[in-house]
Amino acid sequence: MEQQPIIIKRKKKVVAGHHGGSWKVAFADFATAMMAFFLVLWLTATATPEQKRAVEGYFKDPVGFTEGGSPNPIDLGGSASVIDESSLDIESSTIQIEDEIVDELADTLEQRRMEQLFQELKERIEQNETLQEFKDQLLIDITDEGLRIQIVDRSGRPMFDSGRAELKYYTQELLFELAKTLGSVNNKLSLTGHTDATPFNGRPGYTNWELSADRANTARRALVAGGVRSEQIARVVGLSDSVLFDTDNPTAPINRRISIIVLKNKSVADARARAASSPKPLIDLTRPTEAQEQDALDKLEDGSWREERPEPAPGELNW
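Treat the numbers as computed from the prediction; the structure is a model and nothing was measured. (Residues numbered from 1 in each chain as written. Predicted model: local features only at pLDDT ≥ 70, side-chain atom pairs only at ≥ 80, totals over all residues. Heavy atoms only, no water.)

Enquirer: For this particular structure, what's the right way to read the packing of aromatic side chains?
Expert: In this description, an aromatic ring pair is defined by two values, namely the gap between the centres and the angle between the planes. In the structure shown here, the tally under the stated rule is four aromatic pairs. Judged by centre distance (5.2 Å) and plane angle (75°), the rings of Tyr 169 and Tyr 170 are edge-to-face. According to the relative accessible area criterion, Tyr 169 is exposed, its value standing at 62%. Relative to Tyr 206, the ring of Phe 200 lies with its centre 5.2 Å away and its plane at 65°, an arrangement referred to as edge-to-face. Here the two residues Phe 200 and Tyr 206 agree in accessibility, since each one is buried. (Phe/Tyr/Trp six-rings, centres within 6.5 Å; stacked < 30°, edge-to-face > 60°. Buried < 20%, exposed > 50% of the residue type's maximum accessible area, 1.4 Å probe, protein only.)

Okay, here's the thing in structure tokens:
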């Protein structure tokens, strides 16, 4: 029996084609583009000429444009604008702080510096033999002006000889040791001389005012020789007995003292502001009157200004 070949017939099933969802994406892009187009038309219609120039300048040179006055491509005074924003994990580096808060922070920082310097001086006094020897003559505190160091007289151990402005050798060593620490700071220094209430009768015209000022200036020279910079000195004052330490006993040795103040920057700024002269003084007592000017001209013309003045009599002061 003859074997018949096996024939397999495949029928192609035609089904209506499936379009998928790609048309939705295209339509969404089209709708977005149309919305953006109408938004641009609306913004252009409501923008002022200056704002249009700003947008034009941005698109001409987006990185470093100079015209327009605004770095934002769209800035319509309250409308939508494009600005630089930091990411969520990076904070903006621009922080606005009010002036009052800045002043408070500066005062707090400077107060901490004074307290740190106070501790350094205390440690230096405990570790240094010279300063330790005069520990009972050193008074250190913090005032509104800054850190104050007062060197006072003790019975049997004065800083100066009576009525003199020359330092005792041990006082000079004391100032040299203090200068090592004071010269290491950037703050200005104020030096003040004080006396007790005992009147000075050493020579005519020389009082406790001159004596206190001379002693403060002597202390300044010793500090500079010990390492303090000359430009670091801001003030040298003699106050005589006008500011007593022991008001109950005006002649006590502790009233004879030298005060060294490490000034706060704010104290220096305030002092300079007070000392600054106005462009035009309200009362100028240095300007001569018309009669004085005419008298000076007459003396210049007749040569009488060359006449020698008589010497003052003994005991008479010639200011």
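Enquirer: Would you mind going over the sheet that holds strand β4 (residues 233-238) with me for this structure?
Expert: Hydrogen bonds between backbone atoms are what pair the strands of a sheet, whose relative direction is either parallel or antiparallel. Judged by pairing direction, the sheet is mixed, and its five strands sit side by side in the order β1-β2-β5-β3-β4 without closing on themselves. This sheet does not close on itself; its edge strands, each paired only once, are β1 (138-142) and β4. Going across the sheet, the axis of each strand differs from the next one's by a mean of 15°, ignoring polarity. In the packing of helix α5 (residues 169-182) onto the sheet, the strands contacted are β1, β2 (146-152), β3 (189-194) and β5 (257-263), and the crossing angle to β2 comes to about 170°. Sheet contacts for helix α6 (residues 208-226): β3, β4 and β5; angle to β4, the most-contacted strand, approximately 150°. (Pairing = 2+ DSSP bridges. Helix = DSSP H or I, 4+ residues; strand = E, 2+ residues; numbered from the N terminus. Axes fitted to C-alpha atoms, helices over the stretch in contact; angles between N-to-C directions. Contact = heavy atoms within 4.5 Å.)

Enquirer: Any chance you could explain the packing of α5 against α6 here in plain terms?
Expert: The geometry of a pair of packed helices is captured by two quantities: the angle between their axes and the separation between those axes. Running from N to C, α5 and α6 cross one another at 60°; their axes reach a closest spacing of 8 Å. Classified by the interaxial angle, the pair formed by α5 and α6 is oblique. Relative to α6, α5 is oriented so that their crossing is right-handed. Residues Leu 175, Phe 176, Ala 179, Lys 180 and Leu 182 of α5 form the contact with α6, whose participating residues are Ala 219, Ala 222, Leu 223, Ala 225 and Gly 226. Split into classes, the residues belonging to the contact of α5 with α6 amount to eight nonpolar, one polar and one charged. (Parallel < 35°, antiparallel > 145°, perpendicular 65-115°, else oblique. Left-handed = near helix turned anticlockwise from the far one by under 90°. Nonpolar A, V, L, I, M, F, W, Y, C, P; charged D, E, K, R; others polar.)

Enquirer: Can you help me understand the pairing of β3 in this one?
Expert: Across a regular strand the side chains alternate sides, sitting on one face of the sheet and then on the other. Of all the six residues making up β3, six are buried; the element is thus mostly covered by neighbouring parts of the structure. Here β3 shows no split at all, with Leu 189, Leu 191 and Gly 193 on one side and Ser 190, Thr 192 and His 194 on the other all buried. As judged from the five bridges shared by β3 and β4, these two strands associate in the parallel manner. Paired with Leu 189 across the bridge in β4 is Ile 233. Of the crossover connections in this fold, the one passing from β3 over α6 to the parallel β4 is right-handed. The pairing of β3 with β5 spans six bridges and is classified as antiparallel. Looking at the pairing, Gly 193 lines up with Ile 258 of β5. (Right-handed = clockwise from strand over helix to strand, strands pointing away.)

Enquirer: Which parts of the structure should I look at to understand the pattern of salt bridges?
Expert: Note on pairing: side chains with opposite charge can pair once their charged atoms come close. All told, the structure shown has 13 salt bridges when counted by the stated rule. Salt bridges sharing common partners tie together Arg 124, Glu 177 and Lys 180. (Salt bridge = Lys/Arg side-chain N within 4 Å of Asp/Glu carboxyl O.)

Enquirer: For this particular structure, what's the right way to read α5?
Expert: The α-helix winds at 3.6 residues per turn, so residues separated by three or four positions along the chain end up facing the same way. Across its 14 residues, α5 extends 20 Å between first and last C-alpha, which sits within 8% of the 20 Å expected from 1.5 Å per residue. Every buried residue of α5 is listed here: Tyr 170, Thr 171, Leu 174, Leu 175, Glu 177, Leu 178, Ala 179, Thr 181 and Leu 182. (Expected span 1.5 Å × (residues − 1).)

Enquirer: Honestly, the nonpolar core in this entry has me stumped. Any pointers?
Expert: A general trend in soluble globular proteins is that nonpolar side chains are found buried together. Leu 182 and Ile 260 are the most contacted members of the largest nonpolar core, which totals 30 residues. Sorting the residues of this core by element identifies α3 (99-127), β2, α5, β3, α6 and β5 as the ones contributing at least two each. Residue contacts for Leu 182: discarding those within four places in its chain leaves Ile 149, Leu 189, Leu 223, Val 228, Gln 232, Ile 260 and Val 262. (Core = buried A, V, L, I, M, F, W, Y, C linked by side-chain atoms within 4.5 Å.)

Enquirer: Is there a simple way to think about the pairing of β2 in this case?
Expert: Among the seven residues in β2, six count as buried, and that is most of the element. Where β1 and β2 come together, five bridges link them in antiparallel fashion. Bridging across to β2, Ile 140 finds its partner in Ile 149. Linking β1 back to β2 in an antiparallel pair, the connection comprises three residues. Strand direction decides the pairing type here: β2 and β5, joined by seven bridges, are antiparallel. Looking across to β5, one finds that Arg 148 is bridged to Ile 261.

Enquirer: Honestly, the environment of Val 243 in this entry has me stumped. Any pointers?
Expert: Considering the arrangement of structural elements, one finds Val 243 in the loop between β4 and β5. Given the relative accessible area of 40%, Val 243 is considered partly exposed. C-alpha separation for the pair Val 243 and His 194, spaced 49 residues apart in sequence, amounts to 7.4 Å. Excluding residues that lie within four positions of it along the chain, Val 243 makes contacts with His 194 and Arg 257.

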